[in-house]
Amino acid sequence: MSSRVMQLLLGLSLLLNCFVLAGFVYRSWIAPPTFETRMPPPPGARPSPIDAVLHDLGVDSGQRDALRDLLDGYAAKRRERLREIQKVREQSAAELKQPQIDLVKVDGLVDQLARLRADLQKENLRAAIQLEPALRPDQRERLRVLIAERFAGAPPPRPPGPPGGPPGRPPQ
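Caption draft 1: Summary view of the pattern of salt bridges. The full count for this structure, using the stated rule, is 9 salt bridges. Note that Arg68 is salt-bridged to Asp72, the shortest N-O span being 3.9 Å. In this pair, Arg68 and Asp72 both sit in helix H5 (residues 68–96), 4 residues apart, roughly one turn of the helix. Assessed through its relative accessible area of 36%, Arg68 is described here as partly exposed. Within this structure, Arg81, Glu84 and Glu123 form a network of salt bridges that share partners.

Given below as structure tokens:
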């Protein structure tokens, strides 16, 4: 190989190394790490589904005071249900760590866990529906939409217009 080709390859190698080093410096010291921006809050800081609904509805302090008994009762039931779920999860983990896994026992634990989660979902839905009397009419309408989206899994309403077209413009 001639010395010119060797110099060209060394120059390209140096250029590639500079780009890699610049990318490393940017990701390490300049740009925020993605895990810090995407991580969910810790379990104690995560709001309950009902707290999230109240926040999205824009409930004021007077309405919260009117709902205090309902919210306290809901919180107590939710804590108890989450404790039960955690106990069953621990039992499942202990059973799965055994040298001989008893599938009948594991099946029962999985069924029990599914039942507890379904009960938690039902309690969330009941509490959300019980919020309605303390809400203003506009908040009630928004509550119905939130219940359909979050609890029933319904897709959000589509804007008027043809599919794939700009939103908000009716078909001509």
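Caption draft 2: Looking closely at the nonpolar core. In terms of nonpolar packing, the biggest core is built from 16 residues, with Ile50, Val53, Leu54, Leu57, Leu131 and Leu143 touching the most fellow members. Of all the elements in the fold, those that place two or more residues in this core are helix H3 (49–57), H5, helix H6 (103–130) and helix H7 (137–151). Ile85, Val88, Leu109 and Leu116 belong to the second-largest nonpolar core, a separate cluster that totals 6 residues.

Caption draft 3: Highlighting the packing of H3 against H5. The geometry of H3 relative to H5 is characterised by a closest axis approach of 10 Å and an angle of 145° between their N-to-C directions. Contacts between H3 and H5 involve Pro49, Ile50 and Leu54 on the former and, on the latter, Leu71, Tyr74 and Arg78. Its residues assigned to classes, the contact of H3 with H5 shows 5 nonpolar, no polar and 1 charged.

Caption draft 4: Region of the structure containing H3. Along H3, the residues classified as buried are Ile50, Val53, Leu54 and Leu57. Axial view of H3: buried residues confined to an arc of 100°, hence all on one face. Contacts made by the buried residues of H3 are with helix H4 (61–66), H5, H6 and H7. Remark: Gly58 follows H3 within two positions and exhibits a positive phi of approximately 70°.

Caption draft 5: Layout of a nonpolar patch on the surface. Taken together, the side chains of Val5, Leu8, Leu9, Leu12, Leu15 and Phe19 make up a nonpolar region of the molecular surface, amounting to roughly 600 Å² of accessible area. Overall, Leu15 belongs to the partly exposed group, its relative accessible area being 46%.

Caption draft 6: Quick peek at the packing of H6 against H7. It is the contact of H6 with H7, at a shortest axis distance of 11 Å, that shows an interaxial angle of 170°. If you check the angle between H6 and H7, you find them roughly antiparallel. The segment H6 lies against H7, with Gln121, Asn124, Leu125, Ala128 and Ile129 engaging Leu143, Ile147, Arg150 and Phe151. The class makeup of the residues in the contact of H6 with H7 is 6 nonpolar, 2 polar and 1 charged.

Rules used in this analysis
- Residues numbered from 1 in each chain as written.
- Predicted model: local features only at pLDDT ≥ 70, side-chain atom pairs only at ≥ 80, totals over all residues.
- Heavy atoms only, no water.
- Salt bridge = Lys/Arg side-chain N within 4 Å of Asp/Glu carboxyl O.
- Helix = DSSP H or I, 4+ residues; strand = E, 2+ residues; numbered from the N terminus.
- Buried < 20%, exposed > 50% of the residue type's maximum accessible area, 1.4 Å probe, protein only.
- Core = buried A, V, L, I, M, F, W, Y, C linked by side-chain atoms within 4.5 Å.
- Axes fitted to C-alpha atoms, helices over the stretch in contact; angles between N-to-C directions.
- Contact = heavy atoms within 4.5 Å.
- Nonpolar A, V, L, I, M, F, W, Y, C, P; charged D, E, K, R; others polar.
- Arc of directions from axis to C-beta.
- Patch = residues over 30% accessible without salt bridge, like charges linked within 9 Å, V, L, I, M, F, W, Y side chains within 5 Å.
- Areas by Shrake-Rupley, 256 points an atom, 1.4 Å probe, with all protein chains shown as cover.
- Parallel < 35°, antiparallel > 145°, perpendicular 65-115°, else oblique.

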